[in-house]
Structures are given as C-alpha cells and as structure tokens.
Amino acid sequence: MITPDDIFRIADGAAFDAAALEIFCRQARECAPYREYLARIGVRAEHVDTPEKIPYLPIELFKTHTVYCGETPPEAVFTSSATTGMTPSRHPMRSLALYEQAFRTAFRNFYGDPAGLSLYALLPNYLRRKGSSLVYMADRLIADCGSGGFYLDDCEGLLAAMERDPKPKILLGVSYALWDLAERYAPKLRDTVVMETGGMKGYREEIPKEEFHRILCDAFGVGEIHSEYGMAELTSQAYSQGGNVFRCPGWMRVTARDVNDPFDQLPAGARGGLNIADLASWWSCAFIQTQDVGRVGADGAFVIEGRIDHSDIRGCNLLVQ
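The rules behind the values
- Residues numbered from 1 in each chain as written.
- Predicted model: local features only at pLDDT ≥ 70, side-chain atom pairs only at ≥ 80, totals over all residues.
- Heavy atoms only, no water.
- Buried < 20%, exposed > 50% of the residue type's maximum accessible area, 1.4 Å probe, protein only.
- Helix = DSSP H or I, 4+ residues; strand = E, 2+ residues; numbered from the N terminus.
- Arc of directions from axis to C-beta.
- Contact = heavy atoms within 4.5 Å.
- Patch = residues over 30% accessible without salt bridge, like charges linked within 9 Å, V, L, I, M, F, W, Y side chains within 5 Å.
- Areas by Shrake-Rupley, 256 points an atom, 1.4 Å probe, with all protein chains shown as cover.
- Salt bridge = Lys/Arg side-chain N within 4 Å of Asp/Glu carboxyl O.
- Lys, Arg positive; Asp, Glu negative; His and termini not counted.
- Charge placed at Lys NZ, Arg CZ, Asp CG, Glu CD.
- Phe/Tyr/Trp six-rings, centres within 6.5 Å; stacked < 30°, edge-to-face > 60°.
- Pairing = 2+ DSSP bridges.
- Polar contact = N/O pair within 3.5 Å; in protein donor to acceptor, adjacent residues only side chain to side chain.

## With respect to helix α3 (residues 32–40)
In an α-helix there are 3.6 residues to a turn, and that puts residues three or four apart on one side.
Then step 1. Three or more residues of α3 are buried, namely Pro33, Tyr34, Tyr37 and Leu38. Looking straight down α3, one finds its buried side chains confined to an arc of 135°; they lie on one side. Exposed residues on α3 whose side chains face more than 90 degrees from its buried face are Ala39 and Arg40.
Then step 2. Elements that come into contact with the buried residues of α3 comprise α2 (13–30), β1 (57–58), β12 (261–265) and β14 (287–296).

Following this line, the structure appears as structure tokens:
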C-alpha cells in the first residue's frame, strides 16, 4: 500500500500506473461524488485494471459537490476565482503539509533551491485572498526564499526592491498585472525569470499567448516567458520554461480526450480536452476532466490552446472575493 510520501518518489511510468490504480480504487470508495459519477456512467471500480480505463471527474462538480474523501475535517478549503455571477469551485484540502510538499517538490525540480532565489509576486497578499491556493503557495515560497514579497499595488516599490536585490529573481504575476507593469514602466529586468499564471478575466483583452509573451519579452528585456499551470481543483502545478510548453512533476500526468466523447482518449499530438491525473490530490479526486483544450506530446509535455466552448472563463482573477 502506497503512502502520500511515496508519490513524490515516482520515477517512471510503471510506478505512476501502479500508484494511479491504487489511488483510483480508494477514491472510488471514499469520495462520494466520484463514486456517484462512476455509478451514473456505469463503471465498476473492480473492472478498471489499467490507467487508461480510469474515468476522469468533470471539473464542474467542484462547484456543486464536496469532492472529498473521508470524514476528517479539511485544514483549508481552496476556492477558484470567479467573475460576477459565477459559482467558484471549492477544493477541501485535508493536509496543508501535503500541499506544501507537492508545490515545494515541484518548484525545486524545475527551479532549484528557493533559498538561492528571490520571489516577487504581482498577486494580492495572503490576507486579501485567503482562499487562493496560488497565493498560499507564493506566500510559503517567498518565506523559503527569504527575500521578495507581494507587490500587486506598488509597482514602483517592486521595481526598486528588485533593482536592489543581488539574488536571481522570479517575478510571478497574474497576466493582466504583468501586462500593466510592462505597459506603464517597460522595465528592463536583470537576472530575472518572468512567470505568468494566466488569465485576463476581463481586466484586459484576451490575445493569443504568443503575442502576449512577445509584448512582455520586449518590455522586460527577457528572452522568454515562463508560465505556471495550476488551479484550485488540483494540488500540483506544471511549469513552462518557455514556448508555452508545460511539463509535469513525476506524480502528475496530462492526456487529451475527444471533446465530444469524454471517454475517448486521443493519441499523442491530437487536439482535445485535457484530463489531468494529479496523484497528490490524495484526499479529493486525483482524476480531473478539465475544460482546457490543448495537445499532449509523446513525452508528456503539453500545450494549452484555449477553452472548450461555453465553459466558464478561467484564470487568476484573484481580487474577486
């Protein structure tokens, strides 16, 4: 029987497959909305003997159901951002220590020891947006770095602090805030990774990602824009270190499905709706059918190309309470 710690040691596809099947069997029993969904689509857990047969839970159910295993109260409930009139998703997080282990391990895998970096966040601080998993992550990573901070409403203070800082830096921001900074100041950033989290959410016009990244590169004097891919309904994050090509940590896997038949998995390179297996979602549901559209390569890297028509606009409008 695997433990939560075991998933962070997954090193190959066979280990992932074995862990996914074990987690599926437990969540099919213990997560009531998932159990009901499996019953409604006629899937018996004992007949699921390969990862390819695992059904993915539609992400919309996080808005209407408590997607959670067991009866132990969660330590936190993360909520999605939502524009006026939309219902936010709710993700009960039974163990904040598990969440922190997930984002710290992934961050180290992609960017190394945070103690050697400074993290500056164009995000609301933790007290202003307590329900945001992204803000929680940024708050803890800033503490791990020992330098940086939240600067959503103080661009001049942000730029002055970054200019004084001798350490390599990451500037993490919601897309509209980075665009505002680029347009108002066009600062040439030294020794800095610029990382966007996606989502204009009505603050700015939606434009193709390639065009948006080119605007930021020109303004900030950097060669590429990094991106973080995550959402309230997940526990883990994927990262793009340029070119909008995202890679997952070892316990996370993305596949594509036919947008008209959610049970039809597509081959590598085909465009479809994205399914995410996030094995760190130990106490909720690890198998999520998202409303994002993209392509997944043979090596597991993926590209986001948009949203399924008529689905809610997603992103990081973190100022909506």
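## Quick notes on a negative patch on the surface
Then step 1. A surface patch of negative charge is lined by Glu205, Glu206, Glu210 and Glu211.
Then step 2. Mapping Glu206 onto the fold places it in the loop between β7 (192–196) and α9 (209–220).

## Some details on the packing of aromatic side chains
Then step 1. Tallied over the entire structure, the rule returns 17 aromatic pairs.
Then step 2. Geometrically, the ring pair formed by Trp179 and Phe212 is tilted, given 5.7 Å between the ring centres and 55° between the ring planes. Within this pair, whereas Trp179 is found in helix α8 (residues 175–185), its partner Phe212 is found in helix α9, the two being separated by 33 residues in sequence. Neither residue differs from the other here; Trp179 and Phe212 are each classed as buried.
Then step 3. With 5.4 Å between their ring centres and 20° between their planes, Phe246 and Phe302 make a pair best called stacked. You can see Phe246 sitting in strand β10 (residues 245–247) and its partner Phe302 sitting in strand β15 (residues 302–307), a full 56 residues away along the chain.

## Re the pattern of salt bridges
Then step 1. Enumeration according to the criterion identifies 16 salt bridges in this entry.
Then step 2. In this structure, Arg253 engages Asp17 in a salt bridge whose closest nitrogen and oxygen atoms are separated by 3.0 Å. With Arg253 in strand β11 (residues 252–258) and Asp17 in helix α2, this pair connects stretches of sequence that are 236 residues apart.
Then step 3. Given the relative accessible area of 24%, Asp17 is considered partly exposed.
Then step 4. When the shortest N-O distance is used, the salt bridge between Arg295 and Glu305 registers 2.7 Å. A residue pair is termed long-range when its members are at least 10 positions apart, and Arg295 in strand β14 and Glu305 in strand β15 qualify at 10 residues.
Then step 5. With relative accessibility at 36%, the residue Arg295 sits in the partly exposed group.
Then step 6. Overlapping salt bridges bring together Glu100, Arg104, Asp139, Arg140 and Asp144 as one network.

## Examining the pairing of β15
Then step 1. With two bridges connecting them, β10 and β15 associate as antiparallel partners. Bridging from a neighbouring strand, Val245 pairs with Val303 of β15.
Then step 2. Sheet topology note: the β14/β15 ladder contains five bridges and is antiparallel. Each bridged residue has a counterpart across the sheet, and for Val293 the counterpart in β15 is Gly306.
Then step 3. In this structure, the hairpin formed by β14 and β15 is closed by a connection of five residues, where Gly300 is found at a positive phi of approximately 90°.

## A look at the pairing of β7
Then step 1. Taken across its five residues, β7 has four buried, putting it largely inside the fold.
Then step 2. In this structure, strand β6 (residues 169–173) lies alongside β7, joined through five bridges in parallel fashion. Bridge pairing links Leu171 to Val194 in β7.
Then step 3. As defined by bridge partners, β7 adjoins strand β8 (residues 226–229) across two bridges and the pair is classed as parallel. Counterpart to Glu196 in the pairing with β8 is Ser227.

## As for the side chain of Gln237
Then step 1. Looking at where Gln237 falls in the secondary structure, it is placed in the loop between β8 and β9 (238–240).
Then step 2. Polar contacts involving the side chain of Gln237 include one to the main-chain carbonyl oxygen of Thr235, which spans 3.4 Å.
Then step 3. If we ignore the near neighbours within four places in the chain, the residues touching Gln237 are Tyr99, Phe103, Ala106, Met137, Glu228, Tyr229, Pro249 and Met252.

So yeah, pure geometry; function would need other evidence.
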